[in-house]
Amino acid sequence: MLLSESLLDQLAESVLAQQRIHRRQRLNTIVSIGGGSCTGKSSQVAAGLMTRLGEQTLLLAQDRYQRNPEYLKNMHPLYRGDHPNNYGISTCGKVLSQLKRGQSVTVPNYAFRPDQPIGSKIIHPRPIIIFEGLYAGHDNLREYCDLFVYVEAPYYARLLRRILRNTCERYRKEPALVLRGFLSSVTAAHQDFVVKQKSSTNLIIQTGFNISDAIQRFNLTPLPHHYELSPKFTFDIDAATTITITRRDEILMFLLLYQNQPYLIFAIDEELANQLEMSDMWAY
């Protein structure tokens with residue numbers, strides 16, 4: 001189902017119905033929101049539920065349980081940090097079990113930048129716990145979910161959000177590095193592990209890419225460009241928004257165009273350009 005205000009209203013009503021049943025059992029309600037990287041799990045679905053359900057809701061991000069950098073050195077190089085073993089699945093299950101039964105828990109902080117301090121804090125349960133993350137419904141975690149929502153988005157939407165988020169907000173990485181990671185470990189983990197969660201979901205929600213929302217969230221402004229485009233590859237998101245790979249003075253460039261103005265532009269190598277052009281995922 002396509003995400004809309006009415007769908008979020010219906011989802012909130014379903015959660016409240018579950019919560020009324022569990023209240024008689026003296027249990028809290030667990031709503032798990034899983035799905036691929038940059039599908040809008042937290043920014044759209046979890047945030048929309050939090051707005052509707054208010055102070056009776058606690059949000060717990062699975063990102064808190066990511067392993068430390070030393071552990072990542074031993075991860076499978078194909079998947080790196082996006083492998084489910086990086087997310088402390090068994091620990092997450094114990095925490096959800098405690099919160100469901102009304103117990104307070106100590107949870108780790110997680111910094112997306114390693115130079116930020118890491119510690120922990122105590123959180124106290126509320127009648128509704130929203131558990132959000134890449135593997136929120138993975139394996140045994142499903143048994144703790146009263147309602148499991150799987151969020152998906154088109155390939156281009158996830159790719160653009162990943163570039164913008166990791167460039168502008170989380171890590172301040174170079175866009176080409178973010179793109180390379182998305183095309184390798186992120187996509188491999190998505191295909192091999194993340195999508196398997198769909199088979200046990202209560203609801204599948206689809207999100208899209210809205211250029212106006214991206215402009216506002218990431219403070220994007222039109223960028224100057226004074227050259228003729230010689231596209232190697234073009235994908236039209238809608239009538240006004242296009243992803244283009246083009247050449248400028250023999251350098252391959254990735255562009256996000258809106259109303260013929262570039263809002264994102266960076267250099268890529270031939271390998272990345274070919275991967276994008278040959279990908280069979282643009283249709284999804």
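The coordinates are above.
This section reports on the structure supplied with the text. (Residues numbered from 1 in each chain as written. Predicted model: local features only at pLDDT ≥ 70, side-chain atom pairs only at ≥ 80, totals over all residues. Heavy atoms only, no water.)

## A closer look at the overall build of the chain
When helices and strands are tallied, the chain shows eight helices and eleven strands. For the chain, whose C-alpha radius of gyration is 20 Å, the value lies close to the compact-globule estimate of 19 Å for 284 residues. Seen through its principal axes, the chain has C-alpha atoms that stretch 65 × 45 × 35 Å. The burial tally for the chain puts 51% of its 284 residues in the buried class. (Helix = DSSP H or I, 4+ residues; strand = E, 2+ residues; numbered from the N terminus. Rg over C-alpha atoms; globule rule 2.2 N^0.38 Å. Buried < 20%, exposed > 50% of the residue type's maximum accessible area, 1.4 Å probe, protein only.)

## Looking at the pairing of strand 3 (residues 105-108)
Across the two faces of strand 3 the burial differs, with Val105 and Val107 buried and Thr106 and Pro108 not buried at all. In this sheet, strand 4 (residues 120-123) lies alongside strand 3 in antiparallel orientation, the contact comprising four bridges. Of the residues in strand 4, the one forming a bridge with valine 107 is lysine 121. (Pairing = 2+ DSSP bridges.)

## A few points about unusual backbone geometry
Look at cysteine 38: it is not a glycine, yet its phi comes out positive at around 65°. Inspection of the secondary structure puts cysteine 38 in the loop between strand 1 (29-35) and helix 2 (41-53). Phi at aspartate 139 takes a positive value of approximately 50°, unusual for a residue other than glycine. Within the secondary structure, aspartate 139 sits in the loop between strand 5 (128-132) and strand 6 (147-152).

## What to know about the packing of helix 1 (residues 5-24) against helix 2
Where helix 1 contacts helix 2, the two axes come as close as 9 Å, and the packing angle between them is 65°. Here the hand of the crossing between helix 1 and helix 2 comes out right-handed. On the side of helix 1, the interface is formed by Glu5, Leu8, Asp9, Leu11, Ala12, Val15 and Leu16, while helix 2 contributes Gln44, Val45, Gly48, Leu49, Arg52 and Leu53. Grouping the constituent residues of the contact of helix 1 with helix 2 by class yields eight nonpolar, two polar and three charged. (Axes fitted to C-alpha atoms, helices over the stretch in contact; angles between N-to-C directions. Left-handed = near helix turned anticlockwise from the far one by under 90°. Contact = heavy atoms within 4.5 Å. Nonpolar A, V, L, I, M, F, W, Y, C, P; charged D, E, K, R; others polar.)

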